[in-house]
Amino acid sequence: MYIADPDNHNKLYRQDIEEGYYEGLSDYFFERYESKISKWEDKADNMTSKVYNPGTHPDKALQIFDKALQYLSDEALPFFKEKEEYYGPEIIDDYNSMVDSIKKGKENFKENEYDEMLIEYNNYIAEKNKLKQIKKEIKAKIKKENIMKRSDLMKCFDKEDAALVRRSLKEFADKDIIEIYKDGSRYMIKFL
């Protein structure tokens, strides 16, 4: 036997409780608290979507899944347990399906994406370190010369690093560390 949820004023729900018709009470629960449940689901989904950010180590990604599970346990589970007396144990099954979805995502990640993401992460860190080194070398070369031809600067680096050199020059120009200007047919770089 169930009692009526004091926060649910749906006439059909109250009538079913009074008449002892308890089948489908969970439908009234979801109808009444749909936005609250959606908020929890959306936040958990948002948390787990950060798993795929570049620069995220796969071990950190696994921790993100755990944080999402902890969030649901801390925020949603007490509410579901509180409302269970009004709507029955079926609503806990629905909470468990939210949790199972995240657990399944975590397992799929471990099985299918962990190794690939580790390789991508290591490549990302290697490129980041390479970019840092290139920026350091560019600053040193331009400081030494004060004004330099862009083509001469590009010759100081390997061809496969050309994109990183151009990216560094653009960042320096955007931050007003250097000025790139045209002198006749040549592009010149000046340290500011």
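Residues numbered from 1 in each chain as written. Predicted model: local features only at pLDDT ≥ 70, side-chain atom pairs only at ≥ 80, totals over all residues. Heavy atoms only, no water.

Visitor: I'd like a description of the overall build of the protein, backed by residues and values.
Guide: Across its full length, the protein holds 6 helices and 3 strands. Computed over its C-alpha atoms, the radius of gyration of the protein comes to 29 Å, more than 25% above the 16 Å expected for a compact globule of 192 residues. Dimensions of the protein along its principal axes, counting C-alpha atoms only, are 90 × 35 × 25 Å. A burial count over the protein gives 33% of its 192 residues as buried. A separation of at least 24 residues holds for 61% of the contacts in the protein among residues at least 6 apart in sequence. With the model as given, the accessible surface of the protein reaches about 12500 Å², and the carbon-plus-sulfur share is 47%. Within the protein, one finds 35 positive and 41 negative side-chain charges whose respective centroids are separated by 16 Å. (Helix = DSSP H or I, 4+ residues; strand = E, 2+ residues; numbered from the N terminus. Rg over C-alpha atoms; globule rule 2.2 N^0.38 Å. Buried < 20%, exposed > 50% of the residue type's maximum accessible area, 1.4 Å probe, protein only. Contact = heavy atoms within 4.5 Å. Areas by Shrake-Rupley, 256 points an atom, 1.4 Å probe, with all protein chains shown as cover. Lys, Arg positive; Asp, Glu negative; His and termini not counted. Charge placed at Lys NZ, Arg CZ, Asp CG, Glu CD.)

Visitor: Residues and numbers for the sheet that holds strand β1 (residues 147-149), please.
Guide: If you walk across this open sheet you meet the 3 strands as β1-β3-β2, and the pairing is antiparallel. Each edge of the open sheet carries a strand with a single partner, namely β1 and β2 (178-183). Across this sheet, the average inter-strand angle for adjacent strands is 30 degrees, counted without regard to direction. Relative to strand β3 (residues 186-191), β1 runs antiparallel, the two sharing 3 bridges. Within β3, the residue paired with lysine 149 across the bridge is methionine 188. (Pairing = 2+ DSSP bridges. Axes fitted to C-alpha atoms, helices over the stretch in contact; angles between N-to-C directions.)

Visitor: With reference to specific residues and values, describe the side chain of aspartate 5.
Guide: Tracing the backbone through its elements, the reader meets aspartate 5 in the segment before α1 (11-19). Excluding residues that lie within four positions of it along the chain, aspartate 5 makes contacts with Tyr13, Arg14, Tyr33, Lys83, Tyr86 and Tyr87.

Visitor: Describe the pattern of salt bridges, naming the residues involved and giving the relevant values.
Guide: Taken as a whole and judged by the stated rule, the model has 10 salt bridges. Salt-bridge contacts for arginine 167 lead to glutamate 171; the nearest nitrogen and oxygen are separated by 3.7 Å. Highlighted residues: arginine 167 and glutamate 171, both in helix α6 (residues 162-174), separated by 4 residues, approximately one helical turn. We classify arginine 167 as partly exposed; its relative accessible area is 40%. Residue glutamate 171 is classed as partly exposed on the basis of its relative accessible area of 24%. Close ionic contact of aspartate 174 with lysine 170 constitutes a salt bridge, the shortest N to O distance being 3.0 Å. Placement of both aspartate 174 and lysine 170 in helix α6 is noted, with a separation of 4 residues, approximately one turn of the helix. For the residue pair aspartate 174 and lysine 170, the accessibility class agrees, reading exposed in each case. (Salt bridge = Lys/Arg side-chain N within 4 Å of Asp/Glu carboxyl O.)

Visitor: How would you summarise helix α3 (residues 58-87) if you had to cite specific residues and measurements?
Guide: Of all the bends found along α3, the most pronounced is centred on alanine 76 and spans about 40 degrees, while proline 78, a proline, follows it within four residues. Phi turns positive one or two residues past the end of α3, at glycine 88, with a value near 95 degrees. (Bend = angle between axes of the 7 residues up to and from the residue.)

Visitor: Quick one: what's the story with the pairing of β3, residue by residue and with numbers?
Guide: The pairing of β2 with β3 spans 6 bridges and is antiparallel. Looking at the pairing, aspartate 183 lines up with arginine 186 of β3. A loop of 2 residues connects β2 with β3, the two strands running antiparallel in sequence, and glycine 184 in this loop sits at a positive phi of about 70 degrees.

Visitor: Tell me about the packing of aromatic side chains, and please be specific about residues and values.
Guide: Across all of its chains, the model carries 15 aromatic pairs by this definition. With 5.0 Å between their ring centres and 80 degrees between their planes, tyrosine 33 and phenylalanine 79 make a pair best called edge-to-face. Residue tyrosine 33 is found in helix α2 (residues 25-49), and its partner phenylalanine 79 is found in helix α3; the two are separated by 46 residues along the sequence. On the accessibility criterion, tyrosine 33 (6% relative accessible area) is buried. Taking relative accessible area as the criterion, phenylalanine 79 reaches 11% and is therefore assigned buried. Pairwise contacts between aromatic rings join Tyr13, Tyr28, Phe29, Phe30, Tyr33, Trp40, Phe79, Phe80, Tyr87 and Tyr95 into one cluster. The cationic tip of arginine 150 hangs over the ring face of tyrosine 187; the distance from NZ or CZ to the ring centre is 4.5 Å. (Phe/Tyr/Trp six-rings, centres within 6.5 Å; stacked < 30°, edge-to-face > 60°. Lys NZ or Arg CZ within 6 Å of the ring centre and 35° of its normal.)

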